[in-house]
Amino acid sequence: PVKTIKPTNTGRIDAYLKEDITVDNWIPIGKNGTSTYFEFEGNKYTITIKSIDSSSEYVGVFGYVGNAAATNLKIKNLTVAGTISSSTAEYVGGIVACANGVTIENCVNNATVQGSNPESSSAYSIAVGGIVGYAEGSCKVINSVNNGGVLNTNNADYSGTAGIVGLVATYDVNIDNCINLGNITGQDNVAGLVGYFDSSTANKTQVFINKSINIGTIKAVGGVSAGISTVPTSCFNCTIKNCINMG
């Protein structure tokens, strides 16, 4: 059902989906944090995850995707359904757990996404997002929709939970023409579109959120919540433009 079209000895793998698939014990692509980079064409088909290997630090259909030196890194026209859940991972995403320099376009998440790592000691703690858990390195999310419920039960200070991107780190991140329809619940830094910006690198963080909508219900248990984003005042260049919150 998945056709590899350009395998190379450089680590790049380009592939496309040929049909809808349903999978037990899905192993995230790039699950061990090894840099994985490619163009993935979903052709508007659906991957339904009945269960997932959640032993990695990165849990999603794609685990860690990206490479600072690579170009044309894309995941597009893909729909995800089912359940993506981990009680040990620090990064959980409906499409991608950690996206570094990747463009995610015309993707839909219908899966329930859950993260709960009570023993996390990472400075970033845990990032949970309907489309992307953790975004860095000129990542773009375009024309994408989250319909799934997102839940993060970790209560650390730097936890981020959102319908589109849970937590943004360094460099440019752009979110354009996206919609969150899912209900989002977390302990702190909970939002419809972007949950949290890593303040330790805020002087390098540039975020642009444009023409995007939140319709889902947002709930923070004892912490900060927002319809669009919990933008810190220290963010170097964060712009929210033409966005609507109806949640």
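Owing to the predicted nature of the structure, the values given are computational and were not obtained by experimental measurement. (Residues numbered from 1 in each chain as written. Predicted model: local features only at pLDDT ≥ 70, side-chain atom pairs only at ≥ 80, totals over all residues. Heavy atoms only, no water.)

## Regarding unusual backbone geometry
Positive phi, close to 50°, is recorded for Asn143, a residue that is not glycine. Checked against the element boundaries, Asn143 lands in the loop between strand 15 (139-142) and strand 16 (145-146). The backbone of Asn242 shows a phi angle near 55°, a positive value even though the residue is not glycine. Tracing the backbone shows Asn242 in the loop between strand 29 (237-241) and strand 30 (244-245). (Helix = DSSP H or I, 4+ residues; strand = E, 2+ residues; numbered from the N terminus.)

## Describing the packing of aromatic side chains
Counted by the stated rule, this structure contains four aromatic pairs. Residues Tyr58 and Tyr64 carry aromatic rings whose centres are separated by 5.4 Å and whose planes lie at 75° to one another, so their mutual orientation is edge-to-face. Residue Tyr58 shares its accessibility class with Tyr64, and that shared class is buried. Summarising the aromatic geometry, the rings of Tyr58 and Tyr91 are spaced 5.2 Å apart at their centres and angled 15° between planes, so their arrangement reads as stacked. Linking Tyr58 in strand 5 (residues 58-59) with Tyr91 in strand 8 (residues 91-93), this pair joins segments that are 33 residues apart in sequence. In this pair, the class of Tyr58 matches that of Tyr91, namely buried. (Phe/Tyr/Trp six-rings, centres within 6.5 Å; stacked < 30°, edge-to-face > 60°. Buried < 20%, exposed > 50% of the residue type's maximum accessible area, 1.4 Å probe, protein only.)

## Points about the side chain of Asn109
Tracing the backbone through its elements, the reader meets Asn109 in strand 11 (residues 108-109). Only 2.8 Å separates the side chain of Asn109 from the side chain of Asn146, close enough to count as a polar contact. For Asn109, the contacting residues outside a window of four places in its chain are Val80, Gly94, Gly130, Ile131, Val145, Asn146, Asn147 and Gly148. (Polar contact = N/O pair within 3.5 Å; in protein donor to acceptor, adjacent residues only side chain to side chain. Contact = heavy atoms within 4.5 Å.)

## Quick word on the sheet that holds strand 14 (residues 132-136)
The five strands lie next to each other as 6-9-14-19-24, forming an open sheet whose pairing is parallel. The open sheet has two free edges, formed respectively by strand 6 (62-66) and strand 24 (194-197), since each of these has just one partner strand. This sheet shows a mean twist of 15° between the axes of neighbouring strands, independent of strand direction. Bridge count between strand 6 and strand 9 (residues 96-100): four bridges; the pairing is parallel. Of the residues in strand 9, the one forming a bridge with Gly66 is Asn100. (Pairing = 2+ DSSP bridges. Axes fitted to C-alpha atoms, helices over the stretch in contact; angles between N-to-C directions.)

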